[in-house]
Amino acid sequence: MTAESNKRPLRRALVSVYDKTGLEELARGLHEAGVELVSTGSTASRIAAAGVPVTKVEELTGFPECLDGRVKTLHPKVHAGILADLRLESHREQLAELGVEPFDLVVVNLYPFRETVASGATPDECVEQIDIGGPSMVRAAAKNHPSVAVVTSPGRYADVLAAVRDGGFDLAARKRLAAEAFRHTAEYDIAVSSWFASAYAPADDSQFPGFLATSLERAHTLRYGENPHQPAALYTSGEGGLAAAEQLHGKEMSYNNYTDTDAARRAAYDHDEPCVAIIKHANPCGIAVGGDVAEAHRKAHACDPLSAFGGVIAVNRPVSKEMAEQVAEIFTEVVVAPDYEEGALEALTKKKNIRVLRCPDAPAHPVDVKPIDGGALLQVTDRLQAEGDDPAHWTLASGDALSPAELAELAFAWKACRAVKSNAILLAKDGASVGVGMGQVNRVDSCKLAVERAGEERARGSYAASDAFFPFPDGPEILIAAGVRAIVQPGGSIRDEQVIEAAQKAGVTMYFTGTRHFFH
Ligand SMILES: NC(=O)c1ncn([C@@H]2O[C@H](COP(=O)(O)O)[C@@H](O)[C@H]2O)c1NC=O
């Protein structure tokens, strides 16, 4: 059967829309093409006011709309007209016996439940905005797509008018519309059920909903996942962020580009000053702040130029021309920034392959969701804390108190360390990481790695941060032997006394934050 022969002419339409955008044009176009219109309350009034003939649904059902609109279209004369499978003789015969006319087109959009909740309305007001008749019609029409076309968005009206002039929608188009319709009602039900789960949840102390569902849209299929044998795709939540970033230049973003870019933005936005973070395999090979982004980039790159080759760079300010020219000299996979100053894009795009992203929003996701076999873990996203991450609240555990300038150096090391996968040790100097020990299964090896990466000269006099407490003095001893000026760590080990003693013996300043930043 050809697509042409699948077409079903549009002769009779049921229109019931809360959002009246484009309604008059749609009604007029349908009427001019000879389509009979049946409609509900205020939708019918708007159509009639536009001078287009319309039959009120009450005239069809012989039953008044009642209960403040709770019952309008919930009637067999409506639903039999939508649900009759016109391919079946028996259905056609039954409609004739019952005196029911079939509908070929259903145009419905639903009460604004989400918007009502967001407006801070009372529970009763929210409940009243749960559409019942609308989803019933949409689901019925979508189920019966072999006979009926269903439209749930004013964005589709132009297609409807094109189809009506062209002999109707073919079956493939009706299937696509049905898929859209079921998604529309599914998203609606997710909003309603999520609201119920939080607004009417059984009393317990959990701040997490009793039921969790989400709706994500596939933005595009990626070339592959973490490895070439893994198919992968990107989904967006519709709330901006990295997944919706605008790509201004370069090859298609890969799965690994996205994960590294996410980590890089997390690191760069931890700092108030202009900051650049360079990430490889989700770990920093350089983080630095500076008077401007060009300086921050030079300092970040200097941390580990070998590893920065092929890195992903995030900036918390617009990229300047000067920074862009520096970046263009180095093989870089991705640059992401809130914007690009004049001349910056020109400099970057001289490199054919570099991916350039504009992402105006700071990272915002409030909850981390991690799938595990058979379920998922949810946690409130780790952020810098008002207290533990502010040096004003730190406890001096050993040595002399630092001067404000030195304390600022140690505070930079502490914040930058949060971007390193645990066990994390980070050495910093002049507002730049100089040695990073990441992802080791014991803290001593992380200390060794950080010191080795920094090299003797840069380690000496640097400021060291540890994402979690030292369980033994062996880690700090390595840092002390390398000549660090001060150490910051959460504290809280049962052997804190031994750790403090090691620092005291060496005359090294040590602060406790009381806050931990594991990052896995
Ligand atoms: N109760 C019903 O039978 C019913 N039938 C259609 N609706 C909704 O009423 C709205 C349109 O109403 P009106 O044409 O009165 O503006 C649409 O959003 C439609 O989804 C209904 N409303 C709620 O359930």
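The coordinates are above.
Residues numbered from 1 in each chain as written. Predicted model: local features only at pLDDT ≥ 70, side-chain atom pairs only at ≥ 80, totals over all residues. Heavy atoms only, no water.

Draft legend 1. Broad picture of the overall build of the protein chain. Across its full length, the protein chain holds 19 helices and 21 strands. Relative to a compact globule of 520 residues, whose C-alpha radius of gyration would be 24 Å, the protein chain shows 31 Å and is clearly more extended. Projected onto the principal axes, the alpha-carbon positions of the protein chain cover approximately 100 × 55 × 40 Å. Burial statistics for the protein chain: of 520 residues in total, 47% are counted as buried. Accessible area for the protein chain stands at about 25200 Å²; split by element, carbon and sulfur atoms hold 52% of it. (Helix = DSSP H or I, 4+ residues; strand = E, 2+ residues; numbered from the N terminus. Rg over C-alpha atoms; globule rule 2.2 N^0.38 Å. Buried < 20%, exposed > 50% of the residue type's maximum accessible area, 1.4 Å probe, protein only. Areas by Shrake-Rupley, 256 points an atom, 1.4 Å probe, with all protein chains shown as cover.)

Draft legend 2. Just helix H4 (residues 76–83), in detail. Turning to H4, its buried residues are Val 78, His 79, Gly 81 and Ile 82. Looking straight down H4, one finds that the buried residues subtend no more than 160° of arc, so they occupy a single side. Elements in contact with the buried residues of H4: strand E1 (12–17), helix H3 (57–61), strand E4 (105–109) and helix H8 (133–143). (Arc of directions from axis to C-beta. Contact = heavy atoms within 4.5 Å.)

Draft legend 3. Molecular detail of the pattern of salt bridges. This structure, assessed with the given rule, holds 22 salt bridges. Residue Arg 183 is joined to Glu 187 by a salt bridge in which the shortest nitrogen-to-oxygen separation is 3.2 Å. Highlighted residues: Arg 183 and Glu 187, both in helix H10 (residues 171–199), separated by four residues, approximately one helical turn. Put simply, Asp 339 and Arg 358 hold a salt bridge, and the shortest N to O gap is 2.7 Å. Of this pair, Asp 339 sits in the loop between strand E12 (332–337) and helix H15 (344–348) while Arg 358 sits in strand E13 (residues 355–358), placing them 19 residues apart in sequence. Classification of Asp 339 as partly exposed rests on a relative accessible area of 31%. Through salt bridges that share partners, Arg 266, Asp 270, Asp 382 and Arg 418 make up one connected network. (Salt bridge = Lys/Arg side-chain N within 4 Å of Asp/Glu carboxyl O.)

Draft legend 4. Structural context of the site of the ligand. Surrounding the ligand, one finds 23 residues, the nearest of these being Ser 42, Thr 43, Arg 70, Asn 109 and Asp 131. One of the backbone nitrogen or oxygen atoms of Asn 109 is found 2.6 Å away from an oxygen atom of the ligand. One of the side-chain nitrogen or oxygen atoms of Tyr 111 is found 2.9 Å away from a nitrogen atom of the ligand. Alone, the ligand offers 520 Å² of accessible surface; in the complex the protein occludes 95% of this. Residues of the shell around the ligand, tallied by class, amount to nine nonpolar, ten polar and four charged. (Near = heavy atom within 4 Å. Polar contact = N/O pair within 3.5 Å; in protein donor to acceptor, adjacent residues only side chain to side chain. Nonpolar A, V, L, I, M, F, W, Y, C, P; charged D, E, K, R; others polar.)

Draft legend 5. Highlighting the side chain of Ser 320. Topologically, Ser 320 is positioned in the loop between strand E11 (311–315) and helix H14 (321–328). Not counting residues up to four positions away in its chain, the partners in contact with Ser 320 are Val 293, Ala 294, Glu 341 and Ala 344.

Draft legend 6. Fine view of the sheet that holds strand E2 (residues 36–39). Pairing is parallel in the open sheet, where five strands are placed in the order E3-E2-E1-E4-E5. Of all the strands in the sheet, the pair left with one neighbour each is strand E3 (55–56) and strand E5 (149–151). The pairing of E2 with E3 spans two bridges and is classified as parallel. Each residue of the ladder has a partner; that of Val 38, found in E3, is Thr 55. Helix H2 (residues 41–49) contacts E1, E2 and E3 of the sheet and is inclined by roughly 140° relative to E2. Against the sheet, H8 engages E1, E4 and E5, with an angle of about 145° to E4. (Pairing = 2+ DSSP bridges. Axes fitted to C-alpha atoms, helices over the stretch in contact; angles between N-to-C directions.)

Draft legend 7. Seen up close, unusual backbone geometry. With an omega of -10°, the peptide bond running from Ser 422 to Asn 423 counts as cis. As for its position among the elements, Asn 423 is in the loop between helix H16 (404–417) and strand E17 (425–429). One non-glycine residue with positive phi stands out, namely Leu 67, at about 55°. In this structure, Leu 67 sits in the loop between H3 and H4. The backbone of His 281 sits at a positive phi, close to 45°, despite the residue not being glycine. Looking at where His 281 falls in the secondary structure, it is placed in the loop between strand E9 (275–280) and strand E10 (283–289). Since its relative accessible area comes to 70%, His 281 is described here as exposed.

Draft legend 8. View of the environment of Arg 317. Tracing the backbone through its elements, the reader meets Arg 317 in the loop between E11 and H14. With 49 residues separating them along the chain, Arg 317 and Ala 268 place their C-alpha atoms 9.2 Å apart. Contacts of Arg 317, omitting those with residues within four sequence positions, involve Asp 272, Glu 273, Pro 274, Val 293, Ala 337, Pro 338 and Asp 339. Within the structure, the side chain of Arg 317 is placed 2.8 Å from the backbone oxygen of Asp 272, a separation counted as a polar contact.

Draft legend 9. Structural view of helix H9 (residues 157–165). Residues of H9 that are buried include every one of Tyr 157, Val 160, Leu 161, Ala 163 and Val 164, and no others. Looking straight down H9, one finds its buried side chains confined to an arc of 160°; they lie on one side. Structural note: H9 exposes Ala 158 and Arg 165 on the side pointing more than 90 degrees away from its buried face. Against E1, helix H1 (23–32), E4 and E5 lie the buried residues of H9. Two residues or fewer past H9, Gly 167 is found with a positive phi of approximately 90°.

Draft legend 10. Geometry of the nonpolar core. Membership of the largest hydrophobic core comes to 46 residues, with the highest contact counts inside it found for Ile 287, Trp 394, Leu 402, Leu 410, Leu 426, Val 488 and Tyr 511. Apart from the residues lying within four places of it in its own chain, the contact partners of Val 488 are Trp 394, Leu 410, Trp 414, Ala 464, Ala 465, Ser 466, Tyr 511 and Thr 513. Among the nonpolar cores identified, the runner-up in size contains 26 residues, and Leu 60, Leu 110, Met 137 and Ala 178 belong to it. (Core = buried A, V, L, I, M, F, W, Y, C linked by side-chain atoms within 4.5 Å.)

Draft legend 11. The arrangement of the packing of H1 against H9 in detail. Packing of H1 against H9 leaves a shortest axis separation of 10 Å and a crossing angle of 5°. Regarding the angle of H1 to H9, the classification is roughly parallel. Counting all contacts with H1, which are made through Leu 23, Glu 25, Leu 26, Gly 29 and Leu 30, the residues of H9 involved are Tyr 157, Val 160, Leu 161 and Val 164. Partitioned by chemical class, the residues of the contact of H1 with H9 number seven nonpolar, one polar and one charged. (Parallel < 35°, antiparallel > 145°, perpendicular 65-115°, else oblique.)

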